[in-house]
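Listed below, chain by chain, are the residues.
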Amino acid sequence: MYQESIKNFTIKDDALIMGIETSCDETAVSIVKGGREVLSDVIISSATEHAKFGGVVPEIASRAHTTAIYQATERALKEAGKTLEDIDGFAVTYGAGLLGALLVGVSYAKTLAYSLNKPLIPVSHIRGHMAASYIADKSLQPPFIALLTSGGHTAIIAVKSYYELEVLGSTLDDAVGEAFDKVARVLGLSYPGGPSVERLAKEGKNTVKLPKMFKGQGGYNFSYSGLKTAVINAVHNAEQKDEPLLKADVAKSFQSAALDILADKAIEACLQFNFNTVALCGGVAANGYLRERVNNLASQKGIKTVIPEKRYCTDNGCMIAAEGYLQYKAGNFADLSLNASANVPLK
Ligand SMILES: Nc1ncnc2c1ncn2[C@@H]1O[C@H](COP(=O)(O)OP(=O)(O)OP(=O)(O)O)[C@@H](O)[C@H]1O
Ligand SMILES: [Mg+2]
């Protein structure tokens, strides 16, 4: 019966889409109107429960989602002044992410869509991160270059249309966010690592010699495992030789080495392929140094920047609703056989 309904849903321009995100440690539910206007944005994070383990524990994340998701939904509806019946489609992250965590959101969205006989919209978490740009700049339209910098992904993507993406380059090993998290661990900083490294870097100088990965080479690809290992070696060598090494200097030097290359290559891609806008997305885009560097380089070259508020860089439900809206407009609905997937292709 639901299978038949999928063919007959009416598509509205000002649709209210509920975005449900449970791929990692944030249970996020948002309601977005017409793909751009945020009516509510609720995030219940289990980060403090993971902090004592120094990283996300998948089983703890899944359990936290099951207890938080109903409350997050109730709050999202209340904040928006809407009821479940008002929602025109339920968009949910089906991947990439932790399988058990994703399954909570997928099962929940299926239940809502089926019981209310409304579209179930599967959304790629990565496309979601890019769609945060449409909330950040309500007039933004493709084409633009997306600099995707998150915990699991690092790439430069040409967004040719709302639906057509071309990956110009990506990391060949670790993601930049992953490198921040590992460097934070070796420096003894708290989880999540990115913000801790950024805070410490503010007190340091760029004096520790680290490799400049793929500077001026490697096309639009990146590599972070060598940089990460160089930081670990620098810290361990200093400890073994009992030499002074200021952690703040390590943080500052690592931050510059990790982020300069991202900003440089994103601007280079704009110039080479004649795109006049660059959009930052993913958790690392919350980093003030990266935001400023991209802004400065872009303005020197007459390129426009779209830099979402920090809360829209890290995982949130609004970005899933924004991408969900695009998929809704294209009629890309799932049936009740929708499954979660730990990995999804970048595009
Ligand atoms: N201020 C910051 N500076 C640097 N990195 C940061 C900052 N804030 C967050 N991060 C990093 O961003 C990552 C989290 O971002 P995000 O939520 O996009 O990742 P994810 O959802 O785990 O991965 P993905 O989106 O690739 O599946 C973490 O690696 C975190 O350390
Ligand atoms: Mg993410």
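Each value, and the rule that gives it
- Residues numbered from 1 in each chain as written.
- Chains lettered and ligands numbered in written order.
- Predicted model: local features only at pLDDT ≥ 70, side-chain atom pairs only at ≥ 80, totals over all residues.
- Helix = DSSP H or I, 4+ residues; strand = E, 2+ residues; numbered from the N terminus.
- Rg over C-alpha atoms; globule rule 2.2 N^0.38 Å.
- Buried ≥ 20, exposed ≤ 12 C-beta atoms within 10 Å, placed from the backbone.
- Contact = placed C-beta atoms within 7 Å.
- Domains from an automatic or database assignment.
- Nonpolar A, V, L, I, M, F, W, Y, C, P; charged D, E, K, R; others polar.
- Pairing = 2+ DSSP bridges.
- Near = placed C-beta within 6 Å.

Participant: Help me get a handle on the overall build of the protein, residues and values and all.
Facilitator: Secondary structure assignment for the protein yields eleven helices and ten strands. Relative to the compact-globule value of 20 Å for 347 residues, the protein shows a C-alpha radius of gyration of 20 Å, a close match. Reported as C-alpha extents along the three principal axes, the dimensions of the protein are approximately 70 × 45 × 30 Å. By the burial criterion, 51% of the 347 residues in the protein qualify as buried. Pairs at least 24 residues apart make up 74% of the contacts formed inside the protein by residues separated by at least 6 positions.

Participant: Could you give an account of the domain arrangement of the protein, naming the residues involved and the relevant values?
Facilitator: According to the domain assignment, the protein contains domain 1 (2–130 + 315–329) and domain 2 (142–312). Centre-to-centre separation of domain 1 and domain 2, based on C-alpha positions: 28 Å. Secondary structure elements with two or more residues in the side of domain 1 that touches domain 2: helix 2 (47–51), helix 5 (125–136) and helix 11 (317–329). Here the residues of the side of domain 1 that touches domain 2 are counted per class, giving eight nonpolar, five polar and no charged.

Participant: Please set out the pairing of strand 9 (residues 277–281) residue by residue, giving values where relevant.
Facilitator: Counting buried positions along strand 9 yields five of five residues, so the element is predominantly enclosed. Every second residue of strand 9 is oriented toward a common face, with Thr277, Ala279 and Cys281 on one face and Val278 and Leu280 on the other, all of them buried. Bridging between strand 6 (residues 144–149) and strand 9 involves four bridges; their strand directions are parallel. Bridge pairing in strand 9 places Ala146 opposite Ala279. Bridge analysis of strand 9 against strand 10 (residues 304–306) gives three bridges, and the strand direction is parallel. Pairing of Thr277 across the sheet is with Lys304, part of strand 10.

Participant: Which residues make up the site of ligand 1, and what are the values?
Facilitator: If you check the shell around ligand 1, you find 24 residues, and the closest are Gly151, Gly152, Gly177, Gly194 and Gly283. Of all elements in the fold, only helix 5, helix 6 (176–186) and helix 7 (193–201) reach the threshold of two or more residues within the shell around ligand 1. With four residues, helix 7 is the largest single contributor of residues to the shell around ligand 1. Within the shell around ligand 1, the residues separate by chemical class into seven nonpolar, 14 polar and three charged. Residue-level mapping places the shell around ligand 1 at the junction of two domains, with at least three residues from each of domain 1 (2–130 + 315–329) and domain 2 (142–312).

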